[in-house]
Structure formats: C-alpha cells, structure tokens
Amino acid sequence: EQSLRTLGQRHGLHIGTAVDLAVLNDPADPRYRQLAASEFSSVTAENAMKWESLEPTRGSYNWGPADELVAFARQNNQSIRGHVLVWHNQLPGWLTSGVADGSISKEELRALLKKHITTVVSRYKGKIWQWDVVNEAVSDPWDNPPTLHYKGFWAQHLGPGYIADAFRWARAADPKALLFYNDYNIEAFGSGDPANDKTQFVYDMARQLRAEGVPIDGIGSQGHLGTQYGNYDTLQVAAALKKFSGLGLATAFTEVDVRSQLTEGVQAGDSAEINPRLQASAANFSVLLRACLADRHCLSFTVWGFTDKHSWVPGWFSDPPEGMATIYDENYLPKRAYHEMKADL
Ligand code: XIL
C-alpha cells in the first residue's frame, strides 16, 4: 500500500507532520520514527525550533534537537517547515522577565529579535523550505477588546511594525526560504460576522505588507479544528485559500488536527459512542485536504502530530477533556481520518 507522502507527491503536494524530538529518539517507541519517515515528505519541529528551546539561557544556544530534526529530514529526503521565529508563546524566561523588570529596553528588545532571526535563519540557510516567520499575531473575537487587533508580547512592546521587520530580517538571512505568516481561525472565509472576520484581517495585513514590498511569500493556516464545532464548509475553506493566493501568496495547512471532547469514562477506540466523532474528525481533515488539493497555490498539508499517543491536545484542552485529534490512534493504528486522506489523495 502506498504512503501518504507517495500519494501526495503525485499531486505535487507535500504531506507533513510535526515531530517531537524526544519521542523520535525514544528507542522504546520505534514505530514513531518509522512512520514519521515513511508517511511524510515534510517535517516541522513541534517545539525544538522555538526560542525558549534554542536559547534557554541568554547567549548560549541549544541546537541539538533542532539539528537532529534537520538531519532526520535529510536522511529521509524530506522538506522542512521551520517553526517558528516570532511568537508570543514559548519565549525564554530571561527575555520576558528582562522586559518586565525594565532591564531590557525597547531598543534592545528589537535588536535581540533581529539577532535571533538572523542567527536561526542563517544556521539553517538553504535547508528550510518554508519558515513560519510570524505566528499568531492577530487577536480573536473573544479577546479584549473584541475588535480584531495585533495582540501579544511583540505588538505590545514593539508595535505592529515588528511584523514587516521580521520578514525583512528573515529574507536577508536566507533569500531562498519561503517566508510565511501563520495563524489559526483563518481556515475559512465568509463564516461569521464580516466586520470581525480574522481571515479578512489577515488578508488586509498581507495585502498591506505586499504593497510595502515586505518579503512575505505565504500564509499558513494552522487547522486546529474540533468536531464540536461541526463540519468546516468546503466552499468557505476554498474561498480563504483563494483570497490569499489572489495576493500572489502561497498557502499551506500547517498544523492540522481535529479534536473531540472525551466523554467521561470513554476512552479512544471505535465504540458506538466514539464512532461519530471519528467520522466527523475524518470529514474535517478531508475538507481541508481537498481544498488544498484543488488549489495549486496550496503547497503542503501538515498534521500537528500523527498519533494520539503523542498529541498536544489532551495536555492543552483539559476542561472539558479533549483528544482523538490525529490520524493514528494510540497504538499506531490508522484511523478513519488516515483512510479518508488516502482516498482524497
Ligand atoms: C504546541 C506544542 O504542540 C506543544 O507541545 C507545546 O507545549 C505548546 O505548543 N500553535 C502553534 C504551535 O503554532 O507551535 C503550538 O504547538 C500549537 C498551537
């Protein structure tokens, strides 16, 4: 039977996964490494390229795990989505506390960001296919104020101009890498209140950046969905991709998983109760994948982990408990979502 990567290749589409380096190196869990290599033609470090992982202590870099991912990709003839250069989460403590106590000034913070981007992008120059340069810079309607705005640490301390700066610094360090803006809740267009549509806000941001000559090449749509929200609409997903490509940008689904609420006492499995959720999860994977397949500007479809054994979902969404978000179950048996993806490919 053919792998996802082989099937994707026939369409020129990379099928990727996020990789947890600790699990990849765990000799007691060999199936993880096997599947990461055999099923995917693109990999992303789930955490190893985040700032807190790379520079836990100011000035001393921990390249080990990130280098290992790059070596793994090379061994297995895989492309790499670099994730992530600028984000408000998983920043090193020395940086956030330095800003909080005033020992790092605004000017120094900007210089530190430039140095970080330049250092990381230069180290992997020529090896990264797509970089997530800026991640999750835009608020959601449930944030305060509810009107969409640039949120988080970087906007607060540097103002929204950091976004253009980040893309320029990244381009200077590796002119060939494709530079992406990455976010969630931009998978569909036309789904809600038009005045508060995050897809439209990100579109306006990208159009502005392009107009100013800022080197942005693509928009990454994360794709963290949940079956409790129903099925995504194929036409609205296609419309979002088309809006972005209309600006001359590539697109990609970058972190797809489709979680479900876990009823008390019910474990993952194919029980009658769980069955409809597995179907709904598969259906949402399929909506995103088919939209990507139908759009020649959509370059890759990456899942955020491929097995329920090692998914961020149960640890992150615990009230109520959620899980079952990936395409293989906890025993590495392919789920409906996996079969559905294959059928689509
Ligand atoms: C998540 C990782 O999967 C977790 O292991 C970590 O504890 C927190 O971050 N959006 C992103 C990813 O861009 O980097 C996040 O990854 C998931 C949400």
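Reference entry: report on the structure contained in this document. (Residues numbered from 1 in each chain as written. Predicted model: local features only at pLDDT ≥ 70, side-chain atom pairs only at ≥ 80, totals over all residues.)

**Looking at the site of the ligand**
Around the ligand, the neighbouring residues are Glu 46, Asn 47, Asn 135, Gln 222, Glu 255 and Trp 312. A class-by-class count of the residues in the shell around the ligand yields one nonpolar, three polar and two charged. (Near = placed C-beta within 6 Å. Nonpolar A, V, L, I, M, F, W, Y, C, P; charged D, E, K, R; others polar.)

**As for helix H14 (residues 336–344)**
Restricting attention to buried positions, one finds in H14 the residues Ala 337, Tyr 338, Glu 340 and Met 341. Seen along its axis, H14 keeps its buried residues to an arc of 165 degrees; they face one direction. Of the exposed residues in H14, the ones pointing more than 90 degrees away from its buried face are His 339 and Ala 343. In this fold, the buried residues of H14 make contact with helix H1 (4–9) and helix H12 (275–293). (Buried ≥ 20, exposed ≤ 12 C-beta atoms within 10 Å, placed from the backbone. Helix = DSSP H or I, 4+ residues; strand = E, 2+ residues; numbered from the N terminus. Arc of directions from axis to C-beta. Contact = placed C-beta atoms within 7 Å.)

**Details of the pairing of strand E5 (residues 178–183)**
In terms of burial, E5 is largely enclosed, as six of its six residues are buried. Neither face of E5 is left uncovered, since the one carrying Leu 178, Phe 180 and Asn 182 and the one carrying Leu 179, Tyr 181 and Asp 183 both have all their residues buried. In this sheet, E5 lies alongside strand E4 (residues 130–135) in parallel orientation, the contact comprising five bridges. Residue pairing for E5: Trp 131 is matched across the bridge by Leu 179. Of the pairings in the sheet, the one linking E5 to strand E6 (residues 218–221) comprises four bridges and is parallel in character. Within E6, the position partnered with Asp 183 by the bridge is Ser 221. In this fold, the crossover linking E5 to E6 by way of helix H10 (residues 198–211) has right-handed handedness. (Pairing = 2+ DSSP bridges. Right-handed = clockwise from strand over helix to strand, strands pointing away.)

It is worth stressing that arrangement in space is one thing and function is another; only the former is reported here.
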